[in-house]
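Residue strings, one per chain:
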Amino acid sequence: QVQLVESGGGLVQPGGSLRLSCAASGRTFSTYAMGWFRQAPGKEREFVARIRWNSGTTYYAEAAKGRFTVSRDKAKNTVFLQLDSLKPEDTAVYYCAARPTQFQDYNDWGQGTQVTVSS
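Residues numbered from 1 in each chain as written. Predicted model: local features only at pLDDT ≥ 70, side-chain atom pairs only at ≥ 80, totals over all residues. Heavy atoms only, no water.

*Asks:* Explain the nonpolar core to me, please; I cannot follow it from the model alone.
*Replies:* Burial of nonpolar side chains together is a common tendency in soluble globular proteins. Trp36, Leu81, Leu83 and Tyr94 are the most contacted members of the largest nonpolar core, which totals 28 residues. Among the elements of the structure, strand 1 (2-7), strand 3 (18-26), strand 4 (33-39), strand 5 (46-52), strand 7 (68-73), strand 8 (78-83), strand 9 (92-99) and strand 11 (113-117) are those that each provide at least two residues to this core. (Core = buried A, V, L, I, M, F, W, Y, C linked by side-chain atoms within 4.5 Å. Buried < 20%, exposed > 50% of the residue type's maximum accessible area, 1.4 Å probe, protein only. Helix = DSSP H or I, 4+ residues; strand = E, 2+ residues; numbered from the N terminus.)

Right under this line is the structure:
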């Protein structure tokens, strides 16, 4: 079992930035990829970005391209999501998740961190 703990959310004005963190702990951490997802009120959870743990290869949803950056620190078992040029429509609970192998879905999830973009 992997425990994931997100942090870094908060209230920010439009155009502002936040940096989310997701720390993994538990069994010796090894994963294929880490992903970031978000869920806005009344909407379904949606994919935001992911990073392959070993290679560092990244992939983004269209809404995140050019504004969000996913990265990881393997030594600290931590993944980050840098949120820049934030818009009110980015308001959501952001979750990180671990995908153990390329043949499995994301199966370990954090508790989420709230991001609110408002003036």
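Now that the structure has been shown, we can carry on.
*Asks:* I keep staring at the environment of aspartate 73 and nothing clicks. Help me out?
*Replies:* Relative to the assigned elements, aspartate 73 resides in strand 7. Judged by its relative accessible area of 25%, aspartate 73 is partly exposed. Considered as a pair, aspartate 73 and tryptophan 53 are 20 residues apart in the sequence and their alpha carbons are 9.2 Å apart. Residues within four places of aspartate 73 in sequence aside, it is in contact with Trp53, Thr78 and Phe80. (Contact = heavy atoms within 4.5 Å.)

*Asks:* Looking at this structure, I do not really get the side chain of threonine 78. What am I missing?
*Replies:* Within the secondary structure, threonine 78 is located in strand 8. Using a relative accessible area of 9% as the deciding quantity, one classes threonine 78 as buried. Polar contacts involving the side chain of threonine 78 include one to the main-chain carbonyl oxygen of lysine 76, which spans 2.8 Å. For threonine 78, the contacting residues outside a window of four places in its chain are Ser21, Cys22, Ala23, Trp53, Ser71, Arg72 and Asp73. (Polar contact = N/O pair within 3.5 Å; in protein donor to acceptor, adjacent residues only side chain to side chain.)

*Asks:* Help me understand the sheet that holds strand 3, please; the structure alone is not making it clear to me.
*Replies:* Note: strands within a sheet are paired through backbone hydrogen bonds, in either parallel or antiparallel orientation. Taken in spatial order, the four strands make up an open sheet running 1-3-8-7, and their pairing is antiparallel. Edge strands, defined here as strands with exactly one partner in the open sheet, are strand 1 and strand 7. Strand after strand, the sheet turns through a mean of 15 degrees between neighbouring axes, direction not considered. (Pairing = 2+ DSSP bridges. Axes fitted to C-alpha atoms, helices over the stretch in contact; angles between N-to-C directions.)

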